[in-house]
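# Summary of structural features
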Amino acid sequence: MKPLRSLSGLIDFECAARWGSFKLAARELHKTPAAVSLQVKQLEETVGFALFVRHPRHISLTEKGEELAIAIGRMLADLRAKVGALQRGDEESVLRISTTHSFAIKWLVPRMHRFTKLYPELDIRIDSNDAPVDLEADTTDVAIRYGPVRDGDPALLFRERLVPVYSPELLAPGQPDLGLADLAQQPLLCEKSPESWLQLLNENRALKGRYDFSRGYSHWGVLVQAAVAGQGVALVPYGIACQDIASGALRQIPCRSARFDMGYRFLANPHKENMSKVQRFRAWMVEEMDAMRRALDGESSG
C-alpha cells in the first residue's frame, strides 16, 4: 500500500467528483483538464482502486470513489473552516451552537440575551437542526441534544417532564382553571401519538372516559404553539413550554407526572471543550437549567 504523499491529488479529485467533470474542475482550480485528469490518475495508482469510470463524454464515480469523495469533502470543509477561523482570529470569539429546532426556538433563543449580556465579546452562531452533527467537525463547538437520558450522566443538563398545558382562552366565563376532570371535554394535543397521554392518565387513575386524541404534531415546538393558539390541551415537555407558562400564555394542569426518560445533554467538540467560550457557555446552561428545574418543582408542588 503506497502512502499518500501529496494533498493536491485529493483536492483535484474532490473538485472533479463535485462537478462530475474534469473540464469544470479545471476551470475552478485554474488548471488544464489534462492536469486534473493526471492528478486523479496518480491518486488512483496510489490508493490502488479506480475512482471514476471514464465514459466518452463524461465521468462517473465508482462506489469506492463516492465514499472517498464524501470523506474528502468533509475533511476539506473542516480544513477551510479552521483556516478561515485562524485568518480571522475568531477561534475564541465565535461560539457555534447546534441544537434542535424546538429547543432553539422555544428555549435557547429567548434566553440568549442573558448570555450575550454577560459575554458581549462573543459572536453567537446557532444552527437549529434535528439531525445529529459531527462534534469533531470544526464547524461545531457545542451541541445541546434532546434524547434518552440516564441519571449520573455528566453530560445531562435536564431530565424533562411532560406537563399538560392549555391556553386561558379555553376557560368558560367564570371558570377559574382546568383540571384533569375537564380533559374529556377538550381536544388532547400530542406529539406523534397519544401514548404519553395514556401513561399520564394512567398515572393519575383517569383512564376511564372518552378522550379526543385527534390532533398530533411532528415537533414539540409546533405542539406548544398549537396550545398557545387555544387548539386544545397539550402534553408537552416543560422545557419547551416554560416561557409560555411564565408569561401566562399557557397554564399548567397540576397532576402526577408519568415517567419520562428524555432530556437534554451538553456535548462539546472534544478539540474545543477546554476553551473558555465553551466552559462559559456550559456554566451558563447549567445555571439556566437549574433555575428551570426549580420553577418546575414549584409548579408541581403549587
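Residues numbered from 1 in each chain as written. Predicted model: local features only at pLDDT ≥ 70, side-chain atom pairs only at ≥ 80, totals over all residues. Heavy atoms only, no water.

An unreviewed UniProt entry lists the protein under the name LysR substrate-binding domain-containing protein, from Massilia haematophila. According to UniProt, the comment filed for the protein under the heading Sequence similarities (unreviewed entry) is "Belongs to the LysR transcriptional regulatory family." (UniProt positions renumbered as here; feature names shortened; annotations may be inferred.)

## Thoughts on the environment of P110
One can find P110 in helix α5 (residues 101-118). C-alpha of P110 to C-alpha of Q243: the two residues are 133 residues apart in sequence and 8.2 Å apart in space. When sequence neighbours within four positions are dropped, the list of residues in contact with P110 reads A104, I105 and Q243. (Helix = DSSP H or I, 4+ residues; strand = E, 2+ residues; numbered from the N terminus. Contact = heavy atoms within 4.5 Å.)

## Observations regarding the pattern of salt bridges
Evaluation of the coordinates by the stated rule reveals 20 salt bridges. A salt bridge links R18 to E28; its shortest N-O distance comes to 3.1 Å. Taken as a pair, R18 in helix α1 (residues 8-19) and E28 in helix α2 (residues 22-29) lie far apart in primary sequence, 10 residues in all. E28 gets classed as partly exposed once you look at its relative accessible area, which sits at 35%. (Salt bridge = Lys/Arg side-chain N within 4 Å of Asp/Glu carboxyl O. Buried < 20%, exposed > 50% of the residue type's maximum accessible area, 1.4 Å probe, protein only.)

## Topic: the side chain of E14
Its location among the elements puts E14 in helix α1. Residue class for E14 comes out buried when judged on its relative accessible area of 9%. Residues within four places of E14 in sequence aside, it is in contact with I72, G73, L76 and R80.

## A word on the nonpolar core
The nonpolar side chains of a soluble globular protein tend to be buried, and buried together. Counting residues in hydrophobic clusters, the biggest one holds 57 residues, and the most contacted among them are F281 and M285. Top contributing element to this core by residue count: helix α9 (residues 276-301), with 7 residues. Non-local contacts of M285, meaning those with residues more than four positions away in its chain, are made with F103, W107, L108, I144, L157 and F266. (Core = buried A, V, L, I, M, F, W, Y, C linked by side-chain atoms within 4.5 Å.)

## Brief notes about helix α3 (residues 33-47)
Here α3 spans 21 Å end to end across 15 residues, near enough to the 21 Å set by a 1.5 Å rise per residue. The set of residues buried in α3 consists of V36, V40, L43 and E44. In a view along the axis of α3, the buried residues occupy a sector of 105°, so they form one face of it. Across α3 from its buried face, at more than 90 degrees, point the exposed residues A34 and E45. The secondary structure elements touched by the buried residues of α3 are α1, α2 and β1 (52-54). Count one or two residues on from α3 and you reach G48, which has phi positive near 90°. (Expected span 1.5 Å × (residues − 1). Arc of directions from axis to C-beta.)

## Some points on the sheet that holds strand β6 (residues 156-159)
Strand order in the open sheet formed by 5 strands is β4-β3-β5-β12-β6, and the pairing between neighbours is mixed. With one partner strand each, in any of the chains shown, β4 (123-128) and β6 form the two edges of the open sheet. On average, each strand axis in the sheet is tilted by 20° relative to the strand beside it, whichever way the strands run. In the packing of α5 onto the sheet, contacts are made with β3 (94-99), β4, β5 (142-148) and β12 (262-268), and the angle to β4 comes to roughly 170°. (Pairing = 2+ DSSP bridges. Axes fitted to C-alpha atoms, helices over the stretch in contact; angles between N-to-C directions.)

## What to know about the sheet that holds strand β9 (residues 212-217)
The 5 strands lie next to each other as β9-β8-β10-β7-β11, forming an open sheet whose pairing is mixed. The sheet is open, and its two edges are formed by β9 and β11 (251-252), each paired on a single side. The pairing of strand β7 (residues 162-166) with strand β10 (residues 233-237) spans 4 bridges and is classified as antiparallel. The residue of β10 that forms the bridge with L162 is P237. Its contacts with the sheet place helix α7 (residues 220-228) against β7, β8 (187-191), β9 and β10, and it is angled at close to 145° to β10. Contacting β7, β10 and β11, helix α8 (residues 238-247) runs over the sheet at an angle of about 120° to β10.

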